[in-house]
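Working through the structure, step by step
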Amino acid sequence: MSVIRMPSASPSTARAINDRLALDLLHREGSLTAAQLKTLTGLSRPTVADLVERLRDAGLIEVVGEAGAERRGPNAKLYGIVAGRAYLAGLDVRTHGVAVSVADLLGRPRAEASLPFDLDVDTDVAVERAIALLEATTAEAGAAELHTIAVGAPGLVDPATGGLRHAGGLPAWHGKLVDELRRRLAVPVLLENEVNLAAAAEQRLGAARDRDTFVLLWLGFGVGAAVVLDGSLRRGASGGAGEIGFLPMLGPGRLPTATDCDGGFHTLAGSAAICELARAHGIPASSADNAEAAEAAVGYAIDANADEFLKIVAERIAIGAAAVTAVLDPGCLVLGGEIGRAGGDALAARVSRRLSEISPLRTEVRAGTVGGSAVLEGAVLTAVGAAQDVLFTPGAEGDFPRMR
């Protein structure tokens with residue numbers, strides 16, 4: 001019987017694997033000594049010594065302190081990632097404004113800012129103001145330049161072009177802002193649907209930290225979903241996975257169209273529908289019918305224990321949730337967005353009970369915990385991950401990218 005021999009990794013490949021393993025540990029665990037790196041990686045002492053020297057020469061790690069002051073003998077050096085090796089930016093672009101966070105290579109925010117816009121703001125004016133805000137926030141963070149930018153925006157992101165597909169009701173300045181950032185700054189500008197970024201934040205920092213498979217149901221001005229299966233975000237063939245606002249609803253009224261989700265699940269559970277329902281039940285709700293108005297109305301109802309109103313809200317959400325679970329069976333549903341945040345655990349429990357009555361699939365319903373910054377947090381996490389993939393990976397010559 002012949003024996004199949006697997007090719008062994010070349011020395012340069014082995015070094016790259018070991019270096020990335022050490023860098024990922026330092027990011028996840030914080031500062032470590034060489035001995036701790038040896039224990040956690042299973043590498044030999046000489047191999048760890050070599051990689052530490054290599055990573056220090058590349059400007060990726062540095063001595064950040066000492067360990068062992070409580071015992072006899074020399075203290076061990078603590079190594080940590082050079083957080084200022086690169087700066088990243090996350091942008092949360094909404095219909096009513098933009099929020100910016102500039103963070104270091106470890107994802108720690110160094111400066112944040114936001115700027116509201118009128119709905120009828122001129123496209124060019126909005127773009128210039130948003131870029132000026134990013135530049136000012138970058139300077140406040142002490143960064144000379146940015147390595148990577150990640151932008152979260154409502155709408156469909158075309159996987160072929162990396163740009164926003166035109167959708168009715170969304171400001172034109174969203175797409176132009178991304179185009180201008182790419183043209184002017186000459187750095188990677190990643191564009192992602194806002195709900196997908198919120199899901200990334202919930203998976204890393206919030207309610208889905210223990211889940212590889214879940215769906216984030218976003219409930220705000222509009223409704224949407226982010227699908228995470230086996231640890232991977234699923235965007236769909238055209239970037240539209242999770243666009244449940246267009247999910248047709250049985251009953252009187254017209255069906256949604258390809259450019260207008262009125263008549264779909266959006267009409268049932270979006271902020272305007274929730275505000276209208278609130279007023280019908282004597283619950284204060286602003287006539288603006290925006291996400292903030294719906295958030296306030298649901299929050300008021302939770303505090304007042306407005307049972308009939310909350311029962312109807314939960315049933316409406318459960319209808320959309322049942323459609324999602326019937327197709328995907330994710331086992332876990334996270335309620336996000338302004339309405340999900342305002343409802344918290346109380347609304348999640350109501351949705352869970354109603355969903356169990358109309359769906360045979362066991363699905364845990366959780367309230368999102370990241371809060372109003374979920375999209376921005378997700379954008380920063382995405383930018384950090386992309387930057388680390390570049391900086392922590394040696395090039396064809398075996399060297400790490402140098403400081404610019």
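Look up a bit, the structure's there.
Being a predicted model, the structure only gives us computed values, none of them experimental. (Residues numbered from 1 in each chain as written. Predicted model: local features only at pLDDT ≥ 70, side-chain atom pairs only at ≥ 80, totals over all residues. Heavy atoms only, no water.)

Moving on, we come to the overall build of the chain. If you tally the helices and strands in the chain, you get twelve helices and 13 strands. Overall size of the chain, expressed as C-alpha extent along the three principal axes, is 75 × 55 × 55 Å. Taking the intrachain contacts of the chain between residues at least 6 apart in sequence as the baseline, contacts between residues at least 24 apart amount to 61%. Roughly 19,600 Å² of accessible area belongs to the chain as shown, and the carbon and sulfur atoms make up 52% of that amount. Averaging the locations of the 38 positively and 49 negatively charged side chains of the chain gives two centres separated by 7 Å. (Helix = DSSP H or I, 4+ residues; strand = E, 2+ residues; numbered from the N terminus. Contact = heavy atoms within 4.5 Å. Areas by Shrake-Rupley, 256 points an atom, 1.4 Å probe, with all protein chains shown as cover. Lys, Arg positive; Asp, Glu negative; His and termini not counted. Charge placed at Lys NZ, Arg CZ, Asp CG, Glu CD.)

Moving on to the environment of leucine 43. Among the structural elements, leucine 43 can be located in the loop between α2 (34–41) and α3 (45–57). Considering only alpha carbons, one finds leucine 43 and asparagine 18, 25 residues apart in sequence, at a separation of 8.2 Å. When sequence neighbours within four positions are dropped, the list of residues in contact with leucine 43 reads Asn18, Lys38, Val48 and Leu51.

What follows concerns the nonpolar core. Counting 46 residues, the largest nonpolar core has Leu23, Leu55, Leu60, Phe214 and Leu216 as the members making the most contacts within it. Breaking this core down by element, the ones donating at least two residues are α1 (11–29), α3, β3 (76–81), α6 (194–205), β9 (214–219), β10 (223–229), β12 (332–336) and α12 (374–391). It is α12 that provides the largest number of residues to this core, a total of eight residues. Ignoring sequence-local partners within four residues, the contact set of leucine 55 consists of Asp19, Ala22, Leu23, Leu60, Ile61 and Phe400. Ranked by size, the runner-up nonpolar core spans 42 residues in total, among them Ala225, Ala294, Phe309 and Leu347. (Core = buried A, V, L, I, M, F, W, Y, C linked by side-chain atoms within 4.5 Å. Buried < 20%, exposed > 50% of the residue type's maximum accessible area, 1.4 Å probe, protein only.)

On to the pattern of salt bridges. Close approach of charged atoms lets side chains of opposite charge pair. According to the stated counting rule, one finds 22 salt bridges in the structure shown. Glutamate 194 is paired through a salt bridge with arginine 94; the nearest N and O atoms lie 3.0 Å apart. Here glutamate 194 is found in helix α6, whereas its partner arginine 94 is found in strand β4 (residues 87–94), with 100 residues between them in sequence. As far as the burial class goes, glutamate 194 and arginine 94 line up, both buried. Note that aspartate 124 and lysine 176 form a salt bridge whose closest N and O atoms lie 2.3 Å from each other. Of this pair, aspartate 124 sits in helix α4 (residues 123–140) while lysine 176 is found in helix α5 (residues 173–185), placing the two residues 52 residues apart along the sequence. Look at lysine 176 and you get partly exposed, because its relative accessible area is 32%. Several salt bridges share partner residues, and in doing so they unite Asp92, Arg94, Glu194 and Glu338 into one network. (Salt bridge = Lys/Arg side-chain N within 4 Å of Asp/Glu carboxyl O.)

Looking at chain direction, strand β5 (residues 97–104) and strand β6 (residues 109–116) are connected through seven bridges and run antiparallel. The residue of β6 that forms the bridge with valine 100 is alanine 113. Counting the residues that bridge the hairpin from β5 to β6 gives four residues, and of these glycine 107 lies at a positive phi of roughly 85°. (Pairing = 2+ DSSP bridges.)

This part is about the sheet that holds β5. The five strands lie next to each other as β6-β5-β4-β7-β8, forming an open sheet whose pairing is mixed. Bordering the open sheet on either side are β6 and β8 (189–193), each of which pairs with just one other strand. Adjacent strand axes in the sheet meet at a mean angle of 15° when their direction is disregarded. Sheet topology places strand β7 (residues 148–153) next to β8; five bridges connect them, and they run parallel. When the bridges of β8 are listed, alanine 150 appears paired with leucine 190. Sitting on the sheet, α4 touches β4, β5, β6 and β7, and the angle it makes with β6 is about 155°. (Axes fitted to C-alpha atoms, helices over the stretch in contact; angles between N-to-C directions.)

Time to look at the environment of leucine 133. Secondary-structure assignment places leucine 133 in helix α4. Separated by 134 residues in the primary sequence, leucine 133 and threonine 267 have C-alpha atoms spaced 34 Å apart.

Tracing the sequence through the fold places threonine 138 in helix α4. Looking at threonine 138, the relative accessible area reads 9%, which means it is buried. Each residue touching threonine 138, except ones within four places of it in the same chain, is listed here: Val102, Ala143 and Leu146.

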